[in-house]
Amino acid sequence: MSSTDDRRFEVLRAIVTDYVSTQEPIGSKALVDRHHLGVSSATVRNDMAVLEAEGYIAQPHTSSGRIPTDKGYRLFVDRISEVKPLSKAERRAILSVLDSGVDLDDVLRRSVRLLAQLTRQVAIIQYPVLSLATVRHLELVSLAPSRLLAVVITDSGRVEQRMVTLARDITDNELASLRDMFAAALHGKRLEEASAAVAELANTAPYDIGDVVIRVATVLVETLVERGDDRLVLGGTSNLARSAADFAPEAGGMDTVLEALEEQVVVLKLLATTQRSGMVTVQIGEETQTENLRGTSVVSTGYGASGTVLGSVGVVGPTRMDYPGTIASVAAVAKYVGEVLAER
């Protein structure tokens, strides 16, 4: 890139930084006064004219300054060469908050509250995708002679519980045999593999407890093949109120954004672009491909452990956001969510 292009990018960077901070259109005089660009006001005005002609900035009103466009934000994000890391104190605080969660639900709720506080945006986290999890433990608990509670615990910390109503009473010995049989078939298997193993048990079970095995297997298969990736936790929706002015009334304003966030299918589609942990994805404005979210940006990444992505976490906010800070916060929370779940 030429020195002229570099200088113009510095002008764009300054416009983005000031507009995110002030929410006011930025003029050339303000840029010269606030930033050490090393050139005259006339050169800055010329650079702004070129940036506007190329679609990176726009003039919202006659005789006003300029604001970044989606294209301008895109270039700015693409050229963020170094995201400022969180301080040791910030990292310790995140880990402390998440590590004190009592179970998976609590950890995820804490995650979105924390991320919403860090970014002042709407935070979203997807429950671990059940089909990618591995069975850590299976327990069959007798609630009555003909009623059992089946508990499946996965390596992602997820706990699935199902009632099993039997056609007859069973003995303690039969319950012990069932527990050993199903635990051996499920332990350490991915849920998709586990469901096939359970189905096979129903075909090969001893005759004397075959009817009970079939009933337990039926309930477990239904549990194991259920889709677990359609559950989301949202936090900080009230943060949108602070940015209400960023959402154009002619496009439906903030209400249309709230309506979109209520549609889990829409949000899951946005998160679907996050395929790998450690890689933060930024979708800006039109890139969300969602009519009601044209005035927003989505910053997201995957979380997980041992190279396995269990789900996605991210934030939704106006395109006028602190991208470097938001990217750093999303990446940090995702990292620690994965670590906390891996230790459970």
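This structure is a prediction, so every number in the text was calculated from the model and none was measured.

Rules behind the numbers
Residues numbered from 1 in each chain as written. Predicted model: local features only at pLDDT ≥ 70, side-chain atom pairs only at ≥ 80, totals over all residues. Heavy atoms only, no water. Buried < 20%, exposed > 50% of the residue type's maximum accessible area, 1.4 Å probe, protein only. Helix = DSSP H or I, 4+ residues; strand = E, 2+ residues; numbered from the N terminus. Pairing = 2+ DSSP bridges. Phe/Tyr/Trp six-rings, centres within 6.5 Å; stacked < 30°, edge-to-face > 60°. Core = buried A, V, L, I, M, F, W, Y, C linked by side-chain atoms within 4.5 Å. Domains from an automatic or database assignment. Contact = heavy atoms within 4.5 Å. Axes fitted to C-alpha atoms, helices over the stretch in contact; angles between N-to-C directions. 1 Å grid on protein atoms, 1.4 Å probe; cavity = no way out; pocket = protein on both sides within 12 Å on 5 of 7 lines; lining within 4 Å. Points joined across faces, edges and corners; volume = space filled by probe spheres on them. Nonpolar A, V, L, I, M, F, W, Y, C, P; charged D, E, K, R; others polar.

## Side note on the pairing of strand β9 (residues 296-305)
1) Next: Summarising burial for β9: 9 of the 10 residues are buried, a large majority.
2) Next: In terms of strand pairing, strand β8 (residues 281-284) meets β9 through 4 bridges, oriented antiparallel. Pairing of V282 across the sheet is with V299, part of β9.
3) Next: Pairing geometry for β9 and strand β10 (residues 308-318), over 10 bridges, is antiparallel. Its bridge partner being in β10, G304 is matched across the sheet by V309.
4) Next: Taking the residues between adjacent antiparallel strands as the criterion, β9 and β10 are bridged by 2 residues, where S306 takes a positive phi near 55°.

## Some points on the packing of aromatic side chains
1) Next: Considering all chains together, one arrives at 1 aromatic pair under this definition.
2) Next: Ring geometry for Y73 against Y323: centres 5.6 Å apart, planes inclined by 50°, an arrangement best described as tilted. Of this pair, Y73 sits in helix α4 (residues 70-78) while Y323 is found in helix α13 (residues 323-342), placing the two residues 250 residues apart along the sequence.
3) Next: Overall, Y323 belongs to the buried group, its relative accessible area being 0%.

## A closer look at the nonpolar core
1) Next: L31, I125, Y303 and Y323 are the most contacted members of the largest nonpolar core, which has 52 residues in total.
2) Next: Top contributing element to this core by residue count: α13, with 11 residues.
3) Next: A domain-level breakdown of this core finds at least three residues from each of domain 1 (4-79) and domain 2 (88-129 + 229-343).
4) Next: When neighbours within four sequence positions are excluded, I125 is seen to be in contact with L108, S111, V112, R231, L232, V233, Y303, S312, V313 and V337.
5) Next: Among the nonpolar cores identified, the runner-up in size contains 30 residues, and L166, F182, A205 and V216 belong to it.

## Regarding the environment of L149
1) Next: Of note, L149 is situated in strand β5 (residues 147-154).
2) Next: When its relative accessible area of 17% is taken as the criterion, L149 is described as buried.
3) Next: In this structure the C-alpha to C-alpha distance between L149 and I284, which are 135 residues apart in sequence, comes to 47 Å.
4) Next: The contact partners of L149, leaving out residues within four places of it in the chain, are E139, L140, V141, L143, Q161, R162 and M163.

## Remarks on the sheet that holds β8
1) Next: Spatial ordering of the open sheet is given by β7-β3-β10-β9-β8, a layout of 5 strands whose pairing is antiparallel. Because the sheet does not close on itself, it has two edges, and the strands there are β7 (232-235) and β8. Between one strand axis and the next, the sheet turns by 20° as a mean value, whatever way the strands run.
2) Next: Pairing between strand β3 (residues 122-126) and β7: 4 bridges, direction antiparallel. Bridging from a neighbouring strand, I125 pairs with V233 of β7.

## Remarks on the layout of surface pockets
1) Next: By volume, the largest pocket amounts to about 770 Å³.
2) Next: Lining the largest pocket are 30 residues, with D246, F247, A248, G295 and T319 sitting closest to its centre.
3) Next: The element that contributes the greatest number of residues to the lining of the largest pocket is helix α11 (residues 253-262), accounting for 3 residues.
4) Next: Each residue belonging to the lining of the largest pocket can be placed in one class, and the counts come to 14 nonpolar, 8 polar and 8 charged.
5) Next: In terms of domain composition, the lining of the largest pocket takes at least three residues from each of domain 1 (4-79) and domain 2 (88-129 + 229-343).

## Looking at the domain arrangement of the chain
1) Next: According to the domain assignment, the chain consists of domain 1 (4-79), domain 2 (88-129 + 229-343) and domain 3 (134-226).
2) Next: Summarising the inter-unit geometry, the C-alpha centres of domain 1 and domain 3 are found 63 Å apart.

## Comments concerning the sheet that holds β5
1) Next: Judged by pairing direction, the sheet is antiparallel, and its 3 strands sit side by side in the order β4-β5-β6 without closing on themselves. The open sheet has two free edges, formed respectively by β4 (135-144) and β6 (159-165), since each of these has just one partner strand. Adjacent strand axes in the sheet meet at a mean angle of 20°, parallel and antiparallel pairs treated alike.
2) Next: Pairing analysis gives 8 bridges linking β4 to β5, with the strands arranged antiparallel.

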